[in-house]
Amino acid sequence: MATAVIMPKAGVAMEEGTVIQWHKAIGDQVQEGEPLLEIETDKVSMEIEAESSGYLISILRHAGETVPVVETIGYIGKKDEKTPAASTAPNQGSPKKDSDSASKDSAISEPPIETSPVSIATPERVLPPRRTIAATPAARRIAAEHDIDLRQAQPSGSQGELRAADIGRLINASADSPQSPRVSSLARKIAHTHAVDLAKVQGGGISGRIERQDVEQYLAQRQQHRPTGGRRVVPTLPATPQRLTGIRKIIAQRMYAVHQEVPPVTLVRPAPFDALRQLRKELNELQEDHLSVNSLLSYATVQALQEYPELNATFRNNELRYHQQINLGIAVAVTEGLLVPVVKSAEKRDLVNFSQEVTALAERARNNHLLPDELQEGTFTVTNLGMYGITEFTPIINAPQLAILGICAPETVIQLQNGHPVEQTRLSLALTIDHRVLDGAIAAQFLQRLAEIIAHPIQLLL
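Everything numeric here is computed off the predicted structure, so don't read it as measured data. (Residues numbered from 1 in each chain as written. Predicted model: local features only at pLDDT ≥ 70, side-chain atom pairs only at ≥ 80, totals over all residues. Heavy atoms only, no water.)

### As for the overall build of the protein
For step 1, the next point in the chain: Looking only at helices and strands, the protein features ten helices and 20 strands.
For step 2, the next point in the chain: For the protein, with 462 residues in total, the buried portion stands at 46%.
For step 3, the next point in the chain: Pairs at least 24 residues apart make up 65% of the contacts formed inside the protein by residues separated by at least 6 positions.
For step 4, the next point in the chain: Of the roughly 24,400 Å² of accessible surface on the protein, a fraction of 50% belongs to carbon and sulfur atoms. (Helix = DSSP H or I, 4+ residues; strand = E, 2+ residues; numbered from the N terminus. Buried < 20%, exposed > 50% of the residue type's maximum accessible area, 1.4 Å probe, protein only. Contact = heavy atoms within 4.5 Å. Areas by Shrake-Rupley, 256 points an atom, 1.4 Å probe, with all protein chains shown as cover.)

See the structure below:
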């Protein structure tokens, strides 16, 4: 009997995914574990693998169509087997039109990120997802850093769990393999279109597999290194109207929902910056892993939030929830828009560990290698436009969070001290709050405390 290929089951809030491209055509042979198609949700794109072998006998959803979770999109069966009579899909053969609007509740809820693997189901029932793989925290961290599927590793733990050494052996085996890294079908197509030598592309997928985003990153870097006389390389934009999809679609929905529902108030306060800059210089002279200004300011934010937990909260469906741990979101600009990876339990980390995590998350965000869990459960967000010379702006709340901190560029000012002019460097902190549940006074006190920490940054090391 044919088995039905379905989209990944819904996670905490995932509602739909868009088919980017099928890697197989009807009649093609399919091997278990082989990529079948690529889909895109609001934050991540990924390839869906076959969980059984056979032939692709039917495709019910095509490139460009948005598919609700969970819906059958194709069938795998025996060669020349007919598609089950019960298989139907609305608008079969023509792309489904995306809805231009979404309910306000769904638009400002937690980011809808898919968290379940693809399943193979018979037409009568959906099989349960694969069991959770037992692994130590260190093993999961190393696997995430190297984009490794835990299912590929052989566990050695006494209870059958994966340990860090198991992931290390898998990494070493991949590095020692004489075989060339695999290339996804879509990555190969893009490389061919743009005349890219795949031997020059660093694969970021499992075991060095070259994915779509790896080729796109290579193209972006190649474009940046072309001489432009200091002028921006003007991108080629489509001449026809484009329907919003993926990240940009979700950003549009959430920004509109926040504008409609949340009464924002933005408070701006300057903070002395010279002492923090000097501390960063001295620390970076003592260690190999350099600390960024953004990491130091974000860590200072964590310290201030511990004293003002009223801001470390979320508000949804008329319920205000104060969170016991600080999950700090760090806004990262990417090609498609904006991603906000989250440093979990930031209050439990020391400065160096926190900085390393921020750097790693930002790098994975830019390379499109973030895990779904790394984009969820944020309780407060920091966004930094200072590197672009922006001295003041109004950040928009990442609902359902209550507040977002904007970091601006440092400015040199002259002020009088004991009647003498003194040069000082300051930067502005812009805090936007949800005025439904946060008062301006408590927000001002939080900013005052944060400015004090920045002015006396030795507190970050205590």
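Text resumes after the structure shown.
### Here's the deal with unusual backbone geometry
For step 1, the next point in the chain: Cis geometry is found at the peptide bond from Ala399 to Pro400, where omega equals 10°.
For step 2, the next point in the chain: Within the secondary structure, Pro400 is located in the loop between strand 17 (380-384) and strand 18 (403-407).
For step 3, the next point in the chain: Even without glycine at this site, Asp80 takes up a positive phi of about 70°.
For step 4, the next point in the chain: Checked against the element boundaries, Asp80 lands in the loop between strand 8 (72-77) and helix 1 (104-107).
For step 5, the next point in the chain: A positive phi angle is found at Asn317, which is not glycine, with a value near 55°.
For step 6, the next point in the chain: The topology assignment puts Asn317 in the loop between strand 11 (313-316) and strand 12 (319-322).

### Some remarks on the packing of helix 8 (residues 293-307) against helix 9 (residues 351-366)
For step 1, the next point in the chain: Contact pair helix 8 / helix 9: the axes reach a minimum separation of 10 Å and the direction vectors enclose 120°. Between helix 8 and helix 9, the angle is such that the two are oblique. Remark: the crossing between helix 8 and helix 9 carries right-handed chirality. On helix 9, the residues touching Ser295, Leu296, Ser298, Tyr299 and Val302 of helix 8 are Leu351, Phe354, Ser355 and Val358. (Axes fitted to C-alpha atoms, helices over the stretch in contact; angles between N-to-C directions. Parallel < 35°, antiparallel > 145°, perpendicular 65-115°, else oblique. Left-handed = near helix turned anticlockwise from the far one by under 90°.)

### As for helix 7 (residues 274-286)
For step 1, the next point in the chain: The terminal C-alpha atoms of helix 7 lie 19 Å apart, and with 13 residues this matches the ideal 18 Å at 1.5 Å per residue to within 8%.
For step 2, the next point in the chain: When helix 7 is considered as a whole, its buried residues turn out to be Leu276, Leu279, Leu283 and Asn284. Burial along helix 7 is one-sided: seen end-on, the buried residues are contained in an arc of 130°.
For step 3, the next point in the chain: Contact partners of the buried residues in helix 7: helix 8, helix 9 and helix 10 (440-455). (Expected span 1.5 Å × (residues − 1). Arc of directions from axis to C-beta.)

### Observations regarding helix 6 (residues 246-261)
For step 1, the next point in the chain: With 16 residues, helix 6 should reach 22 Å at 1.5 Å per residue; the first-to-last C-alpha distance of 23 Å fits that figure.
For step 2, the next point in the chain: Of all the residues in helix 6, the buried ones are Gly246, Ile247, Lys249, Ile250, Ile251, Gln253, Arg254, Ala257 and Val258.

### Examining the pairing of strand 20 (residues 420-434)
For step 1, the next point in the chain: In this structure, strand 10 (residues 264-272) lies alongside strand 20, joined through nine bridges in antiparallel fashion. Of the residues in strand 20, the one forming a bridge with Pro270 is Ser428.
For step 2, the next point in the chain: Relative to strand 20, strand 18 is paired through five bridges, and the arrangement is antiparallel. Across the sheet, the residue bridging to Ala403 is Ile433, located in strand 20.
For step 3, the next point in the chain: Sheet topology places strand 19 (residues 411-417) next to strand 20; seven bridges connect them, and they run antiparallel. Across the sheet, residue Ile414 finds its bridge partner in strand 20, namely Glu423.
For step 4, the next point in the chain: Between strand 19 and strand 20, which pair antiparallel in sequence order, lie two residues; one of them, Asn418, sits at a positive phi of approximately 55°. (Pairing = 2+ DSSP bridges.)

### Notes on the environment of Leu276
For step 1, the next point in the chain: Mapped onto the elements, Leu276 comes out in helix 7.
For step 2, the next point in the chain: In sequence terms Leu276 and Val293 are 17 residues apart; their C-alpha atoms lie 8.4 Å from each other.
For step 3, the next point in the chain: Those residues in contact with Leu276 that lie beyond four places of it in its chain are Leu296, Leu297, Ile454, Pro457 and Leu460.

### What to know about the confidence of the model for the protein
In low-pLDDT segments, the atomic positions of the prediction should not be examined closely.
For step 1, the next point in the chain: In this model, the protein carries a mean pLDDT of 79, and residues with pLDDT of at least 70 account for 77%.
For step 2, the next point in the chain: Predicted confidence is poor over residues 9-13, with pLDDT under 50, and the contacts of this stretch with residues over four places away or in other chains come to 18 contacts.
For step 3, the next point in the chain: Low pLDDT, under 50, characterises residues 91-131; the predicted model gives this stretch 113 contacts beyond four residues in sequence or across chains. (pLDDT = per-residue confidence, 0-100.)

### Things to note about the nonpolar core
For step 1, the next point in the chain: One finds Leu311, Leu328, Phe380, Leu405, Leu431 and Phe446 to be the most contacted residues of the largest nonpolar core, which totals 56 residues.
For step 2, the next point in the chain: Broken down by element, the residue count for this core peaks at eight residues, all from helix 10.
For step 3, the next point in the chain: Once you skip the residues sitting within four places of it in the chain, Leu311 turns out to touch Leu305, Thr379, Phe380, Leu402, Ala403, Leu431, Leu438, Ile442 and Phe446.
For step 4, the next point in the chain: Residues Leu36, Ile59, Val67 and Ile76 belong to the second largest nonpolar core, which totals 13 residues. (Core = buried A, V, L, I, M, F, W, Y, C linked by side-chain atoms within 4.5 Å.)

### Comments concerning the pattern of salt bridges
For step 1, the next point in the chain: Counted under the stated rule, the structure contains eight salt bridges.
For step 2, the next point in the chain: Between Asp274 and Arg277 there is a salt bridge, with the nearest N and O atoms lying 3.1 Å from each other. Of this pair, Asp274 and Arg277 both sit in helix 7, three residues apart, roughly one helical turn.
For step 3, the next point in the chain: On the accessibility criterion, Asp274 (31% relative accessible area) is partly exposed.
For step 4, the next point in the chain: The closest approach of N and O atoms between Arg364 and Glu374, which form a salt bridge, is 2.6 Å. Of the two residues, Arg364 is situated in helix 9 and Glu374 in the loop between helix 9 and strand 17; the sequence distance between them amounts to ten residues. Neither residue differs from the other here; Arg364 and Glu374 are each classed as buried. (Salt bridge = Lys/Arg side-chain N within 4 Å of Asp/Glu carboxyl O.)

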